[in-house]
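Coordinate analysis (summary)
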Amino acid sequence: MKYSVVFALLLLGSRTLAQSPIDVKKEFAFAAQQYERMLASHPDTTKFPQSTNPDGSPRDMKSSWWCSGFFGGSLWYLYEQTKEPKWKDAAHKWSMAVAKEQYNTGTHDLGFMLYCPFGNGYRLTKNEAYPPIMLTGAKSLSTRFDPKVGLIKSWNKLKEYNYPVIIDNMMNLEFLFWASKTSGDKRFRDICITHADNTMKYHFRPDGSSYHVICYNPDGTVAAKITHQGAANESAWARGQAWGLYGYTVMYRETKDKKYLQQAQKIADFYLNHPNLPADKIPYWDFNAPNIPNEERDASAGAIAASALLELSTYTGAAGKPYYQAAVQMLQSLASPAYKANLGENNNFILKHSVGHKPGKSEVDVPLVYADYYFLEALLRYEALRQKPGFRS
Ligand code: GLY
């Protein structure tokens, strides 16, 4: 073949690559159709869309469940993309439905529950009713931080342990950073840094993977390193890896301390180079699940990781390219018929094939409200990145 022809083909190839492989507008148009149906089937704002029951019926939960903020959050993302007032109204209604949880000191999940709906709502509308709700919530969350232990307590009890901390807890820190900046109270920020530093010290293995649960003694020493939702104490539960990746990316965003960036990259490298990560880059529910390849995938972990990797790719210069490319591949997989529902099916959720708690035989191979939330978030991040001046795919 002549060099000129080879060159022309290479050029054509690079042009094709540079074109957007994901049609964000189309994805949101589909999400809007599903969520219009979801709103119509959920007239009662005390029943939050969560998943599908084993008999196929919709599984709804109360506002005190850790996932109650995701539906409102997704409605805000629909508003952000479409700018249609009907989504703003629905998002406000479903955000306010969680507001009473600002006083809930019995959970560590207030970041998910309050910041996903109200944080996005405030970012998009500057509705001054939202910050006081979030600030009360941040104070409630802070009551779970014992300075002697140096971490926010996740659950009040697990087996014989009284101070269990799960890797998921890294996801609450973005909320506390916001509270610190808004209120001027440095204590919220100090909690984030202490919690993240101790998590870095105790939660991670040398290969960059993390335990699900570390149980602490009252003096802050480690009592046990175990799992609750993973396949085994020494396994790498997929969503836990995604929560850690997202959490340390946020830590770097908020502090610019390079040790958090390195931690996020270490987690990303573990995740992306793992021999059990399938070719479509959507993980099995646990990287060490016993019957791979005959194990369920977890689309929620895929969506969380995609969103985190898109942000991480912006902090890492040339090293960020594989993160960006992996995230795009994850989004392409999630947007394909393998994971995306048909219109009107899947109890009106967008994504299929997530796993909530396999050892507990709960929410296995089902839609999950937070898989949809992080999918929409990742799509918006992808779109924003591509519009940045000087963007190179
Ligand atoms: N935070 C609970 C979970 O990821 O399942």
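The structure presented is a predicted model; accordingly, all values stated were derived computationally and were not measured.

Moving on to the overall build of the protein chain. The helix and strand tally for the protein chain stands at 13 helices and 9 strands. In terms of overall dimensions, the protein chain has C-alpha extents of about 75 × 50 × 45 Å along its principal axes. Out of the 393 residues belonging to the protein chain, those deemed buried represent 57%. Within the protein chain, residue pairs in contact and separated by at least 24 positions form 65% of the contacts whose partners lie at least 6 positions apart. Of the side-chain charges in the protein chain, 45 are positive and 37 negative, and the distance between the mean point of each set is 5 Å.

This part covers the UniProt feature "active site" (unreviewed entry) in the protein chain. Per the UniProt entry, the sites bearing "active site" (unreviewed entry) are Asp 109 and Asp 168 in this numbering. On the basis of their most widely separated C-alpha atoms, the annotated residues across 60 residues gather in one place, lying no more than 8.8 Å apart. Within the secondary structure layout, Asp 109 lies in the loop between α4 (85-96) and α5 (110-125). Leaving out residues up to four positions away in the same chain, Asp 109 has contacts with Trp 66 and Asn 172. Side chain to side chain, Asp 109 and His 108 meet in a polar contact 3.0 Å long. For Asp 168, a relative accessible area of 7% corresponds to the buried category. Residue contacts for Asp 168: discarding those within four places in its chain leaves Phe 112, His 212, Trp 237 and Trp 243.

Looking now at the packing of helix α9 (residues 238-255) against helix α11 (residues 299-313). It is the contact of α9 with α11, at a shortest axis distance of 9 Å, that shows an interaxial angle of 25°. Taken as axis vectors, α9 and α11 run roughly parallel relative to one another. You can see that α9 and α11 cross each other, and the crossing is left-handed. Only Ser 300, Ala 301, Ile 304, Ala 305, Ser 307, Ala 308, Leu 309, Glu 311 and Leu 312 of α11 make contact with α9, whose side of the interface consists of Ala 238, Arg 239, Ala 242, Trp 243, Leu 245, Tyr 246, Thr 249 and Arg 253. Taken together, the residues of the contact of α9 with α11 break down into 11 nonpolar, 3 polar and 3 charged.

A few words now on the packing of helix α7 (residues 173-183) against α9. In the contact formed by α7 and α9, the axes pass within 9 Å of each other and the chain directions differ by 20°. In terms of their interaxial angle, α7 and α9 are classed as roughly parallel. Within the contact between the two elements, α7 uses Leu 173, Glu 174, Phe 177 and Lys 181 and α9 uses Tyr 246, Val 250, Met 251, Arg 253, Glu 254 and Thr 255. Residue composition of the contact of α7 with α9, by class: 5 nonpolar, 1 polar and 4 charged.

So, about the site of the ligand. Near the ligand the following residues occur: Trp 66, Asp 168, Gln 229, Trp 237, Arg 239 and Trp 243. With respect to the ligand, the side chain of Asp 168 contributes an N or O atom lying 2.7 Å from a nitrogen atom. Residue Gln 229 places a side-chain N or O atom 2.7 Å away from an oxygen atom belonging to the ligand. Computed on the free molecule, the ligand has an accessible area of 200 Å², of which 93% lies beneath the protein chains in the complex.

Compared with an ideal rise of 1.5 Å per residue, which puts 17 residues at 24 Å, helix α8 (residues 186-202) spans 24 Å between its outermost C-alpha atoms and is within 8% of the ideal. Taken together, the buried positions of α8 are occupied by Phe 188, Ile 191, Cys 192, His 195, Ala 196, Asn 198 and Thr 199.

Another aspect to go through is the environment of Gly 360. You can see Gly 360 is positioned in the loop between β8 (354-357) and β9 (362-366). A relative accessible area of 40% means that Gly 360 is categorised as partly exposed. Sequence separation of Gly 360 and His 228 is 132 residues, and the distance between their C-alpha atoms is 8.5 Å.

Moving on, we get to the packing of aromatic side chains. Counted under the stated rule, the structure contains 29 aromatic pairs. Note on Tyr 35 and Phe 71: the rings are 5.4 Å apart at their centroids and 45° apart in plane angle, and the pair reads as tilted. Separated by 36 residues along the polypeptide, Tyr 35 in helix α2 (residues 24-40) and Phe 71 in helix α3 (residues 68-82) bring together distant segments of the chain. Using a relative accessible area of 0% as the deciding quantity, one classes Tyr 35 as buried. Ring plane angle 75° and centroid distance 5.1 Å describe the contact between Tyr 271 and Phe 287, whose orientation is recorded as edge-to-face. Highlighted residues: Tyr 271 in helix α10 (residues 258-272) and Phe 287 in the loop between α10 and α11, separated in sequence by 16 residues.

About the criteria used
- Residues numbered from 1 in each chain as written.
- Predicted model: local features only at pLDDT ≥ 70, side-chain atom pairs only at ≥ 80, totals over all residues.
- Heavy atoms only, no water.
- Helix = DSSP H or I, 4+ residues; strand = E, 2+ residues; numbered from the N terminus.
- Buried < 20%, exposed > 50% of the residue type's maximum accessible area, 1.4 Å probe, protein only.
- Contact = heavy atoms within 4.5 Å.
- Lys, Arg positive; Asp, Glu negative; His and termini not counted.
- Charge placed at Lys NZ, Arg CZ, Asp CG, Glu CD.
- UniProt positions renumbered as here; feature names shortened; annotations may be inferred.
- Polar contact = N/O pair within 3.5 Å; in protein donor to acceptor, adjacent residues only side chain to side chain.
- Axes fitted to C-alpha atoms, helices over the stretch in contact; angles between N-to-C directions.
- Parallel < 35°, antiparallel > 145°, perpendicular 65-115°, else oblique.
- Left-handed = near helix turned anticlockwise from the far one by under 90°.
- Nonpolar A, V, L, I, M, F, W, Y, C, P; charged D, E, K, R; others polar.
- Near = heavy atom within 4 Å.
- Areas by Shrake-Rupley, 256 points an atom, 1.4 Å probe, with all protein chains shown as cover.
- Expected span 1.5 Å × (residues − 1).
- Phe/Tyr/Trp six-rings, centres within 6.5 Å; stacked < 30°, edge-to-face > 60°.

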